[in-house]
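Observations on the three-dimensional arrangement
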Amino acid sequence: MDSPHAAAIASILGDPSRVLTNRATVEQLSRDFYWYSPVLRKQLDGKVGDLVVQPASAAEVQKILRYCQGHDVPVTARGAGTGNYGQAVPLHGGVVLDLARMDRIEQITTDGVAVCEPGVRLGVLENEARKSGWELRCYPSTIIKASVGGFLGGGSGGIGSVANGNLRDYQTVRALEAVTMEAEPRIVLHEGEAVHDILHAWGTNGIVTRIWLALAPAVEWGQCAIAFDTFDAAFDFSERIAGDPAWIKRLVTPFEWPIPSFFTPVKRYAPQGKALVFFMVAESQRGKFEELARERGGEVTYSGAYLGLRTRPLLSDYTWNHTTLWAMRADEAYTYLQCAFDPATVREQMRKLKERFGREILFHMEFWKAGDGQMIPGAIPVVYYTTEERLNDMISFCRKIGVFVANPHVNNVENGGRYRPDNVQLLAKERYDPKGLLNPGKMVTFKPGELTR
Ligand code: FAD
């Protein structure tokens, strides 16, 4: 692959080995997990950057962006490329800015804040934090591979969210520095509420180069799998545990049968026809917890101490959006939705969905604590895909009955469900990327030259 910009950027960096133009490499680093969605697969297959550039510092990011701004070259940031909505797929070619080399952890402060660069892998940060008595507040099930910068740019929450909320809540992101895409790129500091200008904006309004991430005190965890005769019983028990602060937990994930049958490596913990729940609870509470589960009709099919991310079985490997991956392996017609049910009417909402869609929707719930403290019965249901119309019908029906859907089958910030109604992400784009060169096409309300306010 030939790009007129490769030689110029290589000379700016003084290191040609960090400017990649090999076609196969550029193609590989232009992809993420958008193929989870049959809708996005059609739209994004074949989209590719022109070259990959690997900066090693914020100062280098500034130099690269200055060049690209001056030459109207689009720039798409990339962490580890594990996003599901094509966030990191360049729609208009240009530079794929691979931040993996910016992977320094500067400090874990004594009051539990990690200060690091964006390319740090979340698993590395978790292990490092635990050495000084802290751990991540929440993390995606892709923790081993995913980067901190990519989590801020395109993720939302995960394991730990049941206790500590999602990434955007509880001031988990204390502050960040980002490089702007102006003629003279600046490094701007966003603190407190102002972090939301950049969070979950898919790298459309600044390249994050430094992060202050609040941690939680580390806990010795245990894991268990508990089977119930019905999904209703599994859900009742899960809801009770999620909502009771006396239980120290990191994961509460009930699955409707046949989802557990898709988990090939841990199938032996999934009795035929039964609903299954995966938990991470404090190791000190595991015995008492399992007693309660049995009293409520549960059968403990696996139980053990959690010995870190290399533990086998690692039950979190089957939760959050990994569940969809296992389903797709079993039958590639499966896809998914991302929902938040109403805590007051969740059972009624689930009943209506089952009535209308039967086995086209299989319940996989994930509880998380909302910013106002409410426990949300969230869900990443597995959906049997037939047509786009049928999928849209399911999304509309969810919304009609009051189920919030963050639509994972669209490729722009605004319609994905995490866009802020106060437009702060768009306002930041107007300030920091006036030409619209950062990940162009992903913030669809942005019109170069027009000001929102
Ligand atoms: P990338 O995919 O590389 O990037 C994500 C977005 O951030 C892109 O728009 C990119 O341009 C932007 N970006 C990257 N770096 C920067 C930067 N430095 N500055 C500005 N923008 C930047 N997500 C969850 O939230 N919770 C889950 O539990 C979860 N489970 C998953 C399970 C599977 C099997 C898969 C495939 C995905 C899952 N995801 C989940 C999605 C994804 O793994 C996470 O959001 C992850 O944190 C993304 O990190 P990444 O480094 O791969 O980011």
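My aim in this report is to walk through the structure given alongside it, one point at a time.

The next thing to look at is the packing of aromatic side chains. Any pair of aromatic rings gets described here by the distance separating the centres and the angle formed by the planes. As enumerated under the stated definition, the model contains 24 aromatic pairs in all. Both rings, one in W35 and one in Y36, keep their centres 5.5 Å apart while their planes meet at 55°; by these two values the pair is tilted. For Y36, a relative accessible area of 4% gives the class buried. Here F278 and Y318 contribute two aromatic rings whose centre-to-centre distance is 6.3 Å and whose plane-to-plane angle is 80°, an arrangement assigned as edge-to-face. Remark: Y318 occurs in the loop between β14 (299–305) and α10 (322–330) and F278 occurs in strand β13 (residues 275–282); sequence separation between them is 40 residues. Just as F278 is buried, Y318 falls in that class too. In this arrangement the basic side chain of R329 is found over the ring face of W326, its NZ or CZ atom lying 4.7 Å from the centre. When the ring centre of F363 is taken as origin, the NZ or CZ atom of K354, which lies over that ring, is 5.3 Å away.

Let us look at the environment of F404. With respect to the helices, strands and loops of the structure, F404 is situated in strand β21 (residues 404–405). Overall, F404 belongs to the partly exposed group, its relative accessible area being 38%. If near-sequence neighbours (up to four positions away) are discounted, F404 is found in contact with Q338, C339, A340, G417 and R418.

Calculation rules
Once a new chain begins, its residue numbering starts again from 1 and follows that chain's sequence as written. Whole-chain, interface and lining totals are the exception, using all residues; otherwise, since this is a predicted model, local features are given only for residues with pLDDT of at least 70 and side-chain atom pairs are given and counted only at 80 or more. Side-chain descriptors were evaluated using all non-hydrogen atoms of the structure, hydrogens and water having been removed beforehand. Each Phe, Tyr or Trp ring, with Trp reduced to its six-membered ring, pairs with another whose centre is within 6.5 Å; inter-plane angles below 30 degrees give stacked pairs, above 60 give edge-to-face pairs, and intermediate values give tilted ones. Think of it in three bands: residues with accessible area under 20% of the maximum for their type are buried, residues over 50% are exposed, and the middle band is partly exposed, with areas taken using a 1.4 Å probe on protein chains only. Helix and strand assignments come from DSSP, with helices taken as H or I runs of at least 4 residues and strands as E runs of at least 2, each series counted from the N terminus. Each ring is checked for a lysine NZ or an arginine CZ that lies within 6 Å of its centre and within 35 degrees of its normal; such an atom marks a charge sitting over the ring. In what follows, residue pairs with any heavy atoms lying within 4.5 Å of each other are defined as contacts.

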